[in-house]
Amino acid sequence: MRCPSCGHSESKVVDSRPSEDGATIRRRRECLECGHRFTTYERLGDSPLIVIKSDGSSEVYDREKLMRGLLIACAKRPISPEQVATLIESIESELRNASKNEIKSKELGDMALVRLAKLDDVAYVRFASVYKDFQNIEEFAAALEGMS
Ligand SMILES: [Zn+2]
């Protein structure tokens, strides 16, 4: 749960209550670094996010896989692994806030692109030029490895 203001990873919960849909808990958190207060919606229990690929097949969302693809796109660019982790957390938090249980792989890719665009043009272009044509991150990663 990173602070949206400064990116610090530790926060304390100042208030906690079930949200109206009953499936998530709404938490008010306070950043231990800068004191910024923010709200998170945390999924109850363990309902995994399902990623639907363009061929219609689906798989359980795999953070490590997305991380690998992004790290490769960011290779030799001035982006730290921590920034990539923050980017992924931001995607996950948007998905949680939207109470989504499934997402198309293309939407997931687009969410990554929007964020990548703010970090680095080269990483954005690498991710954009290859990701859209691929069924999954493994193919994407293999292609990018071939490009470098
Ligand atoms: Zn902060």
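Up top you'll find the structure we're talking about.
A brief report on the enclosed structure follows. These numbers were taken from a predicted model, which means no experiment stands behind them. (Residues numbered from 1 in each chain as written. Predicted model: local features only at pLDDT ≥ 70, side-chain atom pairs only at ≥ 80, totals over all residues. Heavy atoms only, no water.)

For the rest of this paragraph, the subject is the layout of surface pockets. One number sums up the size of the largest pocket: a volume of about 280 Å³. Lining the largest pocket are 15 residues, with Met1, Arg2, Glu89, Ser90 and Ser93 sitting closest to its centre. Counting residues per element, the ones that place at least two in the lining of the largest pocket are β3 (37-43) and α2 (81-97). Of the residues forming the lining of the largest pocket, the biggest block, seven residues, is contributed by α2. (1 Å grid on protein atoms, 1.4 Å probe; cavity = no way out; pocket = protein on both sides within 12 Å on 5 of 7 lines; lining within 4 Å. Points joined across faces, edges and corners; volume = space filled by probe spheres on them. Helix = DSSP H or I, 4+ residues; strand = E, 2+ residues; numbered from the N terminus.)

Turning our attention to the packing of α2 against helix α3 (residues 105-119). Viewed as axis vectors pointing N to C, α2 and α3 meet at an angle of 135°, and their least axial separation amounts to 10 Å. By the angle between their axes, α2 is oblique relative to α3. Judged by the twist between their axes, the crossing of α2 over α3 is right-handed. Residues Gln83, Leu87, Ser90, Ile91, Glu94 and Leu95 of α2 pack against Leu108, Met111, Ala112, Arg115, Leu116 and Leu119 of α3. Residues that form the contact of α2 with α3 fall into these classes: eight nonpolar, two polar and two charged. (Axes fitted to C-alpha atoms, helices over the stretch in contact; angles between N-to-C directions. Parallel < 35°, antiparallel > 145°, perpendicular 65-115°, else oblique. Left-handed = near helix turned anticlockwise from the far one by under 90°. Contact = heavy atoms within 4.5 Å. Nonpolar A, V, L, I, M, F, W, Y, C, P; charged D, E, K, R; others polar.)

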